[in-house]
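A look at the structure
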Protein chains: 2
Amino acid sequence: MADIKVGLFGLGVVGEGIVKVISNARNANAEIRRICVKNPHKARKVNLDKAIITDNRHEIFDDPEINLIVEVINDPDAAYEIVSEALRRGLAVVSGSKTMIARHLPELIELQNKYGGSLLYDASSCGSIPVIRNLEEYYDNDLLLEVKGILNGSSNFILSRVFDHNEDYDKALQTAIDLGFAEADPSFDIEGFDSLYKLIIITVHALGVYVKPEDIFVYGISHISDFDINYAREKRVKIKLVAQVVKISDSHFTMFVMPEFVPKSRYIYSVDDEYNGVVIRGECYDRQFMFGKGAGSLPTASSILSDIVAHHHGYRYGYKKMAYHDTPVYTTDILLRVYVRYSRTPVIDLLPFHSVQVRYNSETTNYVIGEIKLSDLIACKEVLMQPDLFIINITRFFNDN
Amino acid sequence: MADIKVGLFGLGVVGEGIVKVISNARNANAEIRRICVKNPHKARKVNLDKAIITDNRHEIFDDPEINLIVEVINDPDAAYEIVSEALRRGLAVVSGSKTMIARHLPELIELQNKYGGSLLYDASSCGSIPVIRNLEEYYDNDLLLEVKGILNGSSNFILSRVFDHNEDYDKALQTAIDLGFAEADPSFDIEGFDSLYKLIIITVHALGVYVKPEDIFVYGISHISDFDINYAREKRVKIKLVAQVVKISDSHFTMFVMPEFVPKSRYIYSVDDEYNGVVIRGECYDRQFMFGKGAGSLPTASSILSDIVAHHHGYRYGYKKMAYHDTPVYTTDILLRVYVRYSRTPVIDLLPFHSVQVRYNSETTNYVIGEIKLSDLIACKEVLMQPDLFIINITRFFNDN
């Protein structure tokens, strides 16, 4: 008899992976007792006893044998309902829903404290790379200065096709969709929101501070043009969609998601295809680099399994850094050096550059390289959303990885 | 007042690093209360109150205020005495002494169980890279297939100078010694023993099995010649000193340390200079790569701090995989494909090759490429120690990373 009796919500790509991984992990001592799905009559790709499938969540919540809820459904609102109800019942939950967690984390922490349940979600950030738990436990001290990485496999796959396979952006996007590395509506990935939500979760465990999604600058790769790609190629750098949280002083930190020119000397330069890579920088240990498959059915499922087993051994996130007496304060009052390419939008008039280093004008395309405050980028989001414009971070402000 | 009151054994490179790191980590809530050293009158490079230095270990053991022993002394016998005495007293210990731990781990586990003390030693393997704790906790299931990596910074630094800077081996070795990346007597590093001891510790946490050092094949890089280096360059591969533990079936695993031809496509190809890199491969998550500074004063000290804080939060290694009902069995009954270069030693007569694919003979240098059992390599260690001979693994048996 298994010790861990799982009630599973969701039987999509990740849910099916969990079914496979749990049956492979002979010593994990876990079994799936019941699976709640939207449509119990849908054909499934995995072998399982159909009798355990239900569309009634109470068959999981009210089953006294089930001692762990695993939630891997796509809809963040439904995920929130299920996870918050489970926590209010004092249950233990493992979740992979990054959007839901990033939006509701303070409340989810409160629910754990109030009702004694627990919530683990290592799979929600970077799939199989154990970022959250390492930040919470191993880098459990205030020596941490920066976490920076490629957190989204789809957009990285597309940019890899462009830079390593010389495909143009539209063809690369289509390849990603055809191979299943991007959704039919890829905007969540390529506009940077997937990276943003992961970054929010990472920041809670890196610095002990929760920042709301709407307060963070996020800018994706959908406006990239051949001009930008050629510019990067000429400079022998790649354009990557980078998420970062950085301490800029003892008292302050900043965070954002945007495309960045990445030279060959950086670790994340060689994070290609659908892979994720995270650089953790600290005062004493310098840089550590973790690299692996950030998404996909089995990698994500194996991370879920890791959380399942950790829960079984009594593990819960301590959120210890949130209790530090001097948690750093989030600021957008920093200067970034950026490249802004445009055709019609009067960028120089509309964006309040602090200084301008380069102006390039031609018949069809212009760009400017200058310094601008992150807070001004947030304020000018509407300008930046103009389809003829693309912005790329070339700031290295004080860091160098 | 600090919660964690450390009694520190050893004030060498790592000990001095610990003094610095603890004073930098404002939220760690730790202080060093007493330091036991061999020579209390020696000049020290760090600022500290001389009154806390002693050469009498009982001033630490008998101080009821001290709630954690940190041991970072070089002499493995003295380290064993101190750590085992501390554990017999039921104390909590953090140690960085890989040789001592690798030699005595079963007894040290028993002492923890018997007297209720605890022992953490993440710093002992790969310095600042959190390999042990991730293997114990995150990869806490039987999906793990392989851990393979570059675990020794000194030998890797030397090989990097050879392959990336075109230095010859002797000059590279001298550079390593001059820059402090290798000891004046570098044999512990370059003959593979440092890697071996780390691999033994890793294997306990990867597969739940302890294997004695004397039962494992270890072969270093000191016999490397210009011929080997040129051969590797021509084939566009690097020679790296690689430690690996690999499951070869559901029931068996093997492990060894030896030079290996590493092609560009492998993650460890780009682990250069004094860095360490570890690839963790599993059934579902494919490959994960962890990369960072494996040694040095501050990186090692920050790993020690991580263990100090983990202990404070009640963490102890569970050695859970040792309790699996089907822990795999160590075997050396596997075929490796190797390159053996020699001048005088009659290699073909003395080594029982299972098959030979290539024979090369010239006036000065010969080599053979063939398959040979790992158990036969162990049995023929004396042959392999001939100074005119060098052996390099080119086996990829069933793995491909």
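Residues numbered from 1 in each chain as written. Chains lettered and ligands numbered in written order. Predicted model: local features only at pLDDT ≥ 70, side-chain atom pairs only at ≥ 80, totals over all residues. Heavy atoms only, no water.

Observations concerning helix α3 (residues 76-88) of chain A
All names here are of chain A. With 13 residues, α3 should cover 18 Å at 1.5 Å per step; its first-to-last C-alpha distance of 18 Å lies within 8% of that length. All of the buried residues along α3 are A79, I82, V83, S84, E85, A86 and L87. On its buried face, α3 is in contact with β1 (4-9), α2 (58-61), β4 (68-71), β5 (92-95), α4 (98-115) and β6 (118-120). One side-chain oxygen of the residue at the start of α3 lies 2.9 Å from the amide nitrogen of D77, identifying that residue as D75. Looking one or two residues beyond α3, the residue adopting positive phi is G90, at roughly 75°. (Helix = DSSP H or I, 4+ residues; strand = E, 2+ residues; numbered from the N terminus. Expected span 1.5 Å × (residues − 1). Buried < 20%, exposed > 50% of the residue type's maximum accessible area, 1.4 Å probe, protein only. Contact = heavy atoms within 4.5 Å. Polar contact = N/O pair within 3.5 Å; in protein donor to acceptor, adjacent residues only side chain to side chain.)

Section: the relation of the copies chain A and chain B
The two copies are related by a screw operation: chain A maps onto chain B through 180° of rotation and 0.0 Å of translation along the axis, at an RMSD of 0.0 Å. Overall, the copies show the geometry of a two-fold rotation axis. For chain A, the smallest separation between a C-alpha atom and the rotation axis is recorded for M290 of chain A, amounting to 2.4 Å. (Least-squares fit on C-alpha atoms with pLDDT ≥ 70 in both.)

Some remarks on the interface of chain A and chain B
At the junction of the two partners, chain A supplies 46 residues and chain B supplies 46 residues. Summed over both sides, the interface of chain A with chain B buries roughly 3,900 Å², with 47% coming from carbon and sulfur. When residues of chain A are sorted by the area they lose upon contact with chain B, R26, N27 and Y138 of chain A head the list and together hold 19% of the total. Applying the counting rule to chain A against chain B returns 2 salt bridges. A salt bridge links D286 of chain A to K293 of chain B, with the nearest nitrogen and oxygen atoms 3.0 Å apart. Here chain A is connected to chain B by 11 residue pairs in polar contact (both at pLDDT 80 or more). (Buried area = accessible area lost by both parts, 1.4 Å probe. Salt bridge = Lys/Arg side-chain N within 4 Å of Asp/Glu carboxyl O.)

Examining the packing of helix α3 (residues 76-88) of chain B against helix α4 (residues 98-115) of chain B
Residues and elements named next belong to chain B. Interhelical geometry of α3 versus α4 gives an angle of 10° and a closest axis separation of 9 Å. In terms of their interaxial angle, α3 and α4 are classed as roughly parallel. Where α3 approaches α4, its residues P76, D77, A79, Y80, V83, S84, L87 and R88 are matched on the opposing element by T99, M100, R103, H104, E107, L108, L111, Q112 and Y115. (Axes fitted to C-alpha atoms, helices over the stretch in contact; angles between N-to-C directions. Parallel < 35°, antiparallel > 145°, perpendicular 65-115°, else oblique.)

Notes on the packing of helix α6 (residues 153-165) of chain A against helix α7 (residues 169-178) of chain A
All names here are of chain A. As a packed pair, α6 and α7 sit with axes 8 Å apart at the nearest point and diverge in direction by 135°. Compared by their axis directions, α6 and α7 come out oblique. Relative to α7, the crossing made by α6 is right-handed. Facing F157, I158, R161 and V162 of α6, the residues of α7 in contact are Y169, A172, L173, T175 and A176. (Left-handed = near helix turned anticlockwise from the far one by under 90°.)

A closer look at the pairing of β4 of chain A
Along any regular strand the residues' side chains alternate between the sheet's two faces. All names here are of chain A. By the alternation rule, side chains of β4 split into L68 and V70 and I69 and E71, which are all buried. As paired strands, β1 and β4 are joined by 4 bridges and run parallel to one another. Pairing of L8 across the sheet is with V70, part of β4. The pairing of β4 with β5 spans 3 bridges and is classified as parallel. Counted as the bridge partner of I69 is V93 from β5. Of the crossover connections in this fold, the one passing from β4 over α3 to the parallel β5 is right-handed. (Pairing = 2+ DSSP bridges. Right-handed = clockwise from strand over helix to strand, strands pointing away.)

What about the pattern of salt bridges?
This structure, assessed with the given rule, holds 46 salt bridges over all chains. A salt bridge links E137 of chain B to K320 of chain B; the shortest N-O distance between them is 3.0 Å. With E137 of chain B in helix α5 (residues 131-138) and K320 of chain B in the loop between α11 (297-312) and β13 (329-330), this pair connects stretches of sequence that are 183 residues apart. For the residue pair E137 of chain B and K320 of chain B, the accessibility class agrees, reading buried in each case. One connected set of salt bridges, linked through shared partners, spans R57, D62, E81, E85 and R89 of chain A.

Focus: the sheet that holds strand β5 (residues 92-95) of chain B
Residue and element names in this part refer to chain B. With parallel pairing, 6 strands are arranged side by side in an open sheet as β3-β2-β1-β4-β5-β6. If you trace the sheet from one side to the other, it starts and ends with β3 (53-54) and β6 (118-120), each paired once. Running at roughly 155° to strand β2 (residues 30-36), helix α1 (residues 13-24) makes contact with β1 (4-9), β2 and β4 (68-71) of the sheet. The strands touched by α11 within the sheet are β1, β4, β5 and β6, with β5 carrying the most contacts at an inclination of about 160°.

Structural notes on the sheet that holds β6 of chain A
Residue and element names in this part refer to chain A. Reading across from one edge, β3-β2-β1-β4-β5-β6 is the order of the 6 strands in this open sheet, with parallel pairing throughout. Every interior strand has two partners, whereas the edge strands, β3 (53-54) and β6, have only one. Examined bridge by bridge, strand β2 (residues 30-36) and β3 share 2 bridges and lie parallel to one another. What sits directly across from I35, in β3, is I53. Contacting β4, β5 and β6, α4 crosses the sheet at an angle of about 150° to β6. Strands in contact with helix α11 (residues 297-312) are β1, β4, β5 and β6; relative to β5, the strand with the most contacts, it is inclined by about 160°.

Section: the nonpolar core
With 274 residues, the main nonpolar core has L8 and V70 of chain A together with L8 and V70 of chain B as its most contacted residues. Counting 22 residues, the second-largest nonpolar core is a separate cluster that includes Y269 and Y275 of chain A together with Y269 and Y275 of chain B. (Core = buried A, V, L, I, M, F, W, Y, C linked by side-chain atoms within 4.5 Å.)

Thoughts on helix α9 (residues 193-207) of chain A
With 15 residues, α9 of chain A should cover 21 Å at 1.5 Å per step; its first-to-last C-alpha distance of 21 Å lies within 8% of that length. Phi for G208 of chain A, located one or two positions after α9 of chain A, is positive at around 80°.

Remarks on a positive patch on the surface
The grouping of R236 and K264 of chain A together with R236 and K264 of chain B at the surface amounts to a positive patch. Considering the arrangement of structural elements, one finds R236 of chain B in the loop between α10 (226-234) and β9 (237-247). (Patch = residues over 30% accessible without salt bridge, like charges linked within 9 Å, V, L, I, M, F, W, Y side chains within 5 Å. Areas by Shrake-Rupley, 256 points an atom, 1.4 Å probe, with all protein chains shown as cover. Lys, Arg positive; Asp, Glu negative; His and termini not counted. Charge placed at Lys NZ, Arg CZ, Asp CG, Glu CD.)

A closer look at the pairing of β9 of chain B
Residue and element names in this part refer to chain B. For β9, the buried fraction is high: 11 of the 11 residues fall into the buried class. Side-chain alternation along β9 places V237, I239, L241, A243, V245 and K247 on one buried face and K238, K240, V242, Q244 and V246 on a second face that is also buried. When strand β7 (residues 144-150) meets β9, the two strands line up antiparallel, connected through 4 bridges. When the bridges of β9 are listed, V147 appears paired with V245. Sheet analysis places β9 next to strand β10 (residues 252-263), joined by 11 bridges and oriented antiparallel. Bridge pairing links V242 to M258 in β10.

Observations concerning the state of the cysteines
Taken as a whole and assessed by the stated rule, the structure comprises 0 disulfides over all chains. Here C284 of chain A stays unpaired: no disulfide links it, and the sulfur of C126 of chain B, its closest cysteine neighbor, is 19 Å away. (Disulfide = S-S within 2.5 Å.)

Points about unusual backbone geometry
Residue and element names in this part refer to chain A. For N29, which is not glycine, the phi dihedral falls at a positive 65°. By the secondary structure assignment, N29 is in the loop between α1 (13-24) and β2. Given the relative accessible area of 35%, N29 is considered partly exposed.

A word on the packing of aromatic side chains
Inspection of every chain in the model, using the stated rule, returns 43 aromatic pairs over all chains. When the centroid spacing of 5.3 Å and the interplanar angle of 80° are considered together, the rings of Y138 of chain B and Y139 of chain B count as edge-to-face. Each member of the pair, Y138 of chain B together with Y139 of chain B, is buried. Chaining the aromatic ring pairs together yields one cluster made of Y267, Y275, F289 and F291 of chain A together with Y267, Y275, F289 and F291 of chain B. (Phe/Tyr/Trp six-rings, centres within 6.5 Å; stacked < 30°, edge-to-face > 60°.)

Some thoughts on the side chain of K293 of chain A
Structurally, K293 of chain A is set in strand β12 (residues 286-293). At a separation of 3.1 Å, a polar atom in the side chain of K293 of chain A contacts the side chain of D286 of chain B. Setting aside anything within four residues of it in sequence, one finds K293 of chain A in contact with C126, G127, S128, I129, E274, Y275 and P299 of chain A together with D286 and R287 of chain B.

Quick notes on the confidence of the model for chain A
The predicted coordinates ought not to be read in detail in places where the model reports low pLDDT. All names here are of chain A. In the predicted model, chain A carries a mean pLDDT of 92, and the fraction of residues at 70 or more is 98%. Here residues 397-401 scores under 50 on pLDDT; set against residues more than four positions off or in separate chains, the count is 23 contacts. Interface confidence for the predicted complex, expressed as ipTM, amounts to 0.85; the pTM equals 0.91. (pLDDT = per-residue confidence, 0-100.)

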